[in-house]
Amino acid sequence: MCGIVGYIGNNAVADVLLDGLKSLEYRGYDSSGIALNDNAGFDVFKAGGKLNNLFDVIRNDAQKIKNPTSGIGHIRWATHGKATIDNAHPHLSNDGKLVLVHNGIIENYKELKAELEQEGFVFHSQTDTETAVHVIDREYKKCGSLEEAVRRGVQKLSGAFAFCIMHKDEADKIIAVRKNAPLIIGLSKNENYIASDIPAVIGKVKKIIYLNDGELAVVTRNSVVVSDLAGNILEKKAENIGFNPEIISKHGYKHFMLKEINEQPDIVRKVLARHVKDVFSPVDADGVNLNIDWNKVENISIIACGTSLHAAMVAKYIWEDWLGIPVNVEAASEYIYRKNTTGKGSLVIGISQSGETADTITAVKQAKEKGAKILIVTNREDSSIVRYADSVLPLEAGIEISVAATKSYTAQLLAMYWVGLYAVEQRNSLSAKNLADLKQGLLELPAKMEEVLSNAEKIKQVAENLNKYKSLIYIARGANQASALEGALKLKEISYINANGYAAGELKHGPIALLDENMPVVAVLAPGITYAKMLSNCEEVKARNAKLIAVTSVKDKAAESLFEYILPVPETEEHLSPLLLNIPMQLLAYYMADSLGREVDQPRNLAKSVTVE
Ligand code: AGP
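Parameters and conventions
- Residues numbered from 1 in each chain as written.
- Predicted model: local features only at pLDDT ≥ 70, side-chain atom pairs only at ≥ 80, totals over all residues.
- Heavy atoms only, no water.
- Core = buried A, V, L, I, M, F, W, Y, C linked by side-chain atoms within 4.5 Å.
- Buried < 20%, exposed > 50% of the residue type's maximum accessible area, 1.4 Å probe, protein only.
- Helix = DSSP H or I, 4+ residues; strand = E, 2+ residues; numbered from the N terminus.
- Expected span 1.5 Å × (residues − 1).
- Contact = heavy atoms within 4.5 Å.
- Salt bridge = Lys/Arg side-chain N within 4 Å of Asp/Glu carboxyl O.
- Near = heavy atom within 4 Å.
- Polar contact = N/O pair within 3.5 Å; in protein donor to acceptor, adjacent residues only side chain to side chain.
- Areas by Shrake-Rupley, 256 points an atom, 1.4 Å probe, with all protein chains shown as cover.
- Nonpolar A, V, L, I, M, F, W, Y, C, P; charged D, E, K, R; others polar.

A. Representation of the nonpolar core in the model. Membership of the largest hydrophobic core comes to 98 residues, with the highest contact counts inside it found for Trp319, Ile349, Trp418, Leu442 and Tyr474. Top element by residues in this core is helix α11 (residues 407-427). It accounts for 13 residues. Grouped together as the second largest cluster of nonpolar side chains are 33 residues, Leu18, Ile75, Ile208 and Ile241 included.

Structure follows, in structure tokens:
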């Protein structure tokens, strides 16, 4: 995923673009660039690596900047071509008169590139994006209108794109156009903004226009005219931006990740206040259009990626127990390429924090085409995946800036818990007492989460003792098998320490060969039918001299001698324990990564949403 920005107005264009890119840095940080249009031509600045490098380039070349009145910018997560200056956006036409930035992927770029090279177009990069520049430039040379050239050119492209485009001979104008990649326009007086996502315009505008697929906007300082690709003018409603500037502040925390970990209790409080008001009231769907007849659902498939897939795994365990409906959980990238049994009676749930994950979008689109009912669970109701939804379940977690998913994971789990209880009530599939106990357990969670967070200093000390190891193993059973996978993912994606999660019962079938004093094992222990077996797995680990770290909601004096460290969480019902046991592992990963000096919020090679398959 990349981030693109555009600006046209009287403020210092370079500063506005850089500020916008800074807010979009979570989308990718392999390279960056801006193009400034001072009506005599373009001044283009590019840098490899982090965005700070672009600030340095522009600062060193400041004398080049004349009086630009508009500009476009880009921050890149490399898909085609390495993260080099040549591949950094913006990309120019061969005559230097047309300039473009792109988020997305042009799937037919190879055949277009061959055709364009045949016609004499010269390529200077390995990117798919540069193909788009020449396709549009070729049209411009035929029709002499940038708007018309873009309209014609993009219809030759397949895949996903959000473009900002300028032309030297049509100054004071930016063309914005999108297909399968987000693009918004921020409206202000005598100036307008374009961006991939809301953080780039928070605090700058109060009203925005969301561009939809196949829509093209001609943006000047005083007007925004939106049309479809046939050229029909469209009436677009300007919407209140709805986010406050505080969202993109760290509030004094060292990293967004630590801030977002600490936001979790209040997010749970807020969601429960809407949907699980007390022990005896029915679960309240309150404005969530769950138009699903739970008594007619024959089978459920939950499709997701990464951390969202782990949330799906917990949901499977809980929902099959509570609802008695078969629940299949699958990585979206696998679901797409196999002959699956999705059909008319299926409920397919797509879980995606960003709502822009290409694999999940493709899978959900495929399921919809097969007649399934689609429920989308997402933190971004303005995202692309929502297009395919029959029902949308918002996470209400607030924008998550850090690449590592934390608060959104907890919000995903909570959403699946309260919707699960809502479905239980529709199907009358649990006793009134069991239902009341579960609601009570949920209502106690925020305070218990705060108790876990108050142990942060102890967890930090454990982290500083573990950060010398090159690999760790995480084990658990039942619903917490997903907790082990999630704990391992958190650690590896931000600390670069190898970490793998296993169903504890699987350890003896191979992974146990890895165990020795250099392979610490994090054991996630919850009360219930799996606890005794988990203890015997811990004995097996101990017998191989591996250090054991317990993350547990069980107080068991007899077992304490097994563990080098114990990260306790307050006791809670087994089914609810993933919501609590996950937090110490988020903090463990955070402190291990931070103590190693890692770029916690922007880990190498990653982006907040993977918008390519
Ligand atoms: C989680 O920490 C990672 N950033 C990644 O696994 C993420 O969960 C995955 O890419 C799915 O993203 P989504 O929820 O936005 O679809």
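Let's pick the thread back up.
B. Layout of helix α10 (residues 358-369). The terminal C-alpha atoms of α10 lie 17 Å apart, and with twelve residues this matches the ideal 16 Å at 1.5 Å per residue to within 8%. All of the buried residues in α10 are Ala358, Asp359, Thr360, Ile361, Ala363, Val364, Gln366 and Ala367. Against β15 (299-304), α9 (332-335), β17 (346-352) and β18 (373-378) lie the buried residues of α10. Backbone geometry just downstream of α10 places Gly371 in the positive-phi region, at approximately 95 degrees.

C. A look at the pattern of salt bridges. The final tally for this structure, using the stated rule, is 43 salt bridges. Salt-bridge contacts for Asp19 lead to Lys204; the nearest nitrogen and oxygen are separated by 2.8 Å. Within this pair, whereas Asp19 is found in helix α1 (residues 13-23), its partner Lys204 is found in the loop between β10 (191-195) and β11 (207-210), the two being separated by 185 residues in sequence. Asp19 sits in the partly exposed class, given a relative accessible area of 38%. Lys204 gets classed as partly exposed once you look at its relative accessible area, which sits at 24%. A salt bridge links Lys608 to Glu400, with the shortest nitrogen-to-oxygen separation between them at 2.7 Å. Of this pair, Lys608 sits in the segment after α17 (577-595) while Glu400 sits in the loop between β19 (391-394) and α11; the two residues are 208 residues apart in sequence, bridging distant segments of the chain.

D. Quick look at the site of the ligand. Among the 14 residues in the neighbourhood of the ligand, the closest are listed as Ser308, Ser352, Ser354, Thr357 and Glu493. Separating an oxygen atom of the ligand from a backbone N or O atom of Thr307 is a distance of 3.1 Å. The separation between an oxygen atom of the ligand and a polar side-chain atom of Ser354 is 2.7 Å. In the complex, 91% of the free accessible area of the ligand, which totals 410 Å², lies under the protein chains. Listed by contribution, the elements that provide at least two residues to the shell around the ligand are α8 (306-323) and α15 (481-495). When the residues that make up the shell around the ligand are grouped by side-chain class, the tally is five nonpolar, seven polar and two charged.

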